[in-house]
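Fold and contact review
One letter stands for each residue in the lines below.
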Amino acid sequence: MLLKIRSPRPEIKVIPPRRAKIRIFPLIPLLTLGLWFGYKQLQSYFVQPEAIFVLGGHEDRERFAAQLALKHPNLPIWVSSGSPEGYATKIFTKAGVNSDRLHLDYHAKDTVTNFTTLVKELKSQGIDSVYLITSDNHMNRARVIGEIVFGSQGIVLKPISVPSHGSPESLEKIVRDGGRSLLWLLTGKTGENLIDP
């Protein structure tokens, strides 16, 4: 007589395919976002900007842009809502930059409108890439807005930060203005009346 001994088999759990999809689904947007940011980093590394775009707000940005303009004598300079016209012109002239290259625009009321008020003008001039000049504590928000607004028109950013003493802007501001930029893409409105003065 033969005696059969059954060895206990470990229980194998099989996850139904539906559950696996549910677990992977939240990772897809994160992976997509990560790939997109990586692509944008590479793109900005290799691009040769066709203009200098300065976000107004601090004269240090304009002084920095004037020095950059000397290194790139063929690039036009666009300053969005910066120092008063006479003062801004003086900064660039004193640095040795020809005033014919300088374009001062005072339509913007905030960072989102810095981009939305000039994107069509830059595109109509055939500009497909810009040096983005702003303070280091402001750059994250400016890049998010710029990638949405300028990126929607095929304009590539090459950011250059100007050192500042301020602390980095809050994630709340970055998300808010990123949302306002998406609103502009969908409706043509920036929602500037929705923010606190």
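Anything mentioned here points back to the structure above.
It should be emphasised that the depicted structure is a prediction, and the values quoted were computed from it without experimental measurement.

**A few points about the environment of Lys 120**
The residue Lys 120 is located in helix α6 (residues 119-124) in this model. Distance in space between the C-alpha atoms of Lys 120 and Phe 150 is 9.1 Å, their sequence separation being 30 residues.

**Quick word on the packing of helix α3 (residues 59-71) against helix α4 (residues 85-95)**
With their axes 9 Å apart at the nearest point, α3 and α4 run at an angle of 35° to one another. Considering how the two elements wind past one another, α3 and α4 form a crossing that is right-handed. Taking contact as the criterion, the partners of Glu 59, Glu 62, Arg 63, Ala 65, Ala 66, Gln 67 and Leu 70 in α3 are, on α4, Tyr 87, Ala 88, Ile 91, Phe 92 and Ala 95. For the contact of α3 with α4, the residue count by class is 8 nonpolar, 1 polar and 3 charged.

**Considerations on the packing of aromatic side chains**
Tallied over the entire structure, the rule returns 3 aromatic pairs. Here Phe 53 and Phe 150 contribute two aromatic rings whose centre-to-centre distance is 5.1 Å and whose plane-to-plane angle is 50°, an arrangement assigned as tilted. Here Phe 53, found in strand β1 (residues 51-55), pairs with Phe 150, found in the loop between α7 (139-149) and β5 (156-162); they are 97 residues apart in sequence, far enough to count as distant. Taking relative accessible area as the criterion, Phe 150 reaches 0% and is therefore assigned buried. Three or more aromatic residues joined by ring pairs make a cluster, and in this case those are Phe 53, Phe 115 and Phe 150.

**Quick look at the side chain of Asp 177**
Looking at where Asp 177 falls in the secondary structure, it is placed in helix α8 (residues 171-187). Setting aside residues up to four positions removed in sequence, Asp 177 forms contacts with Val 112, Arg 141 and Ile 145.

**Some remarks on the pairing of β1**
Burial analysis of β1 places 5 of its 5 residues in the buried class, the great majority of the element. In this structure, β1 lies alongside strand β4 (residues 129-135), joined through 4 bridges in parallel fashion. Paired with Phe 53 across the strands is Leu 132, a residue of β4. In the sheet, β1 pairs with strand β2 (residues 77-80) via 4 bridges, with the strands oriented parallel. By the bridge assignment for β2, Phe 53 is matched with Trp 78. Considered for its hand, the β-α-β crossover made up of β1, α3 and β2 is right-handed.

What counts and how
- Residues numbered from 1 in each chain as written.
- Predicted model: local features only at pLDDT ≥ 70, side-chain atom pairs only at ≥ 80, totals over all residues.
- Heavy atoms only, no water.
- Helix = DSSP H or I, 4+ residues; strand = E, 2+ residues; numbered from the N terminus.
- Axes fitted to C-alpha atoms, helices over the stretch in contact; angles between N-to-C directions.
- Left-handed = near helix turned anticlockwise from the far one by under 90°.
- Contact = heavy atoms within 4.5 Å.
- Nonpolar A, V, L, I, M, F, W, Y, C, P; charged D, E, K, R; others polar.
- Phe/Tyr/Trp six-rings, centres within 6.5 Å; stacked < 30°, edge-to-face > 60°.
- Buried < 20%, exposed > 50% of the residue type's maximum accessible area, 1.4 Å probe, protein only.
- Pairing = 2+ DSSP bridges.
- Right-handed = clockwise from strand over helix to strand, strands pointing away.

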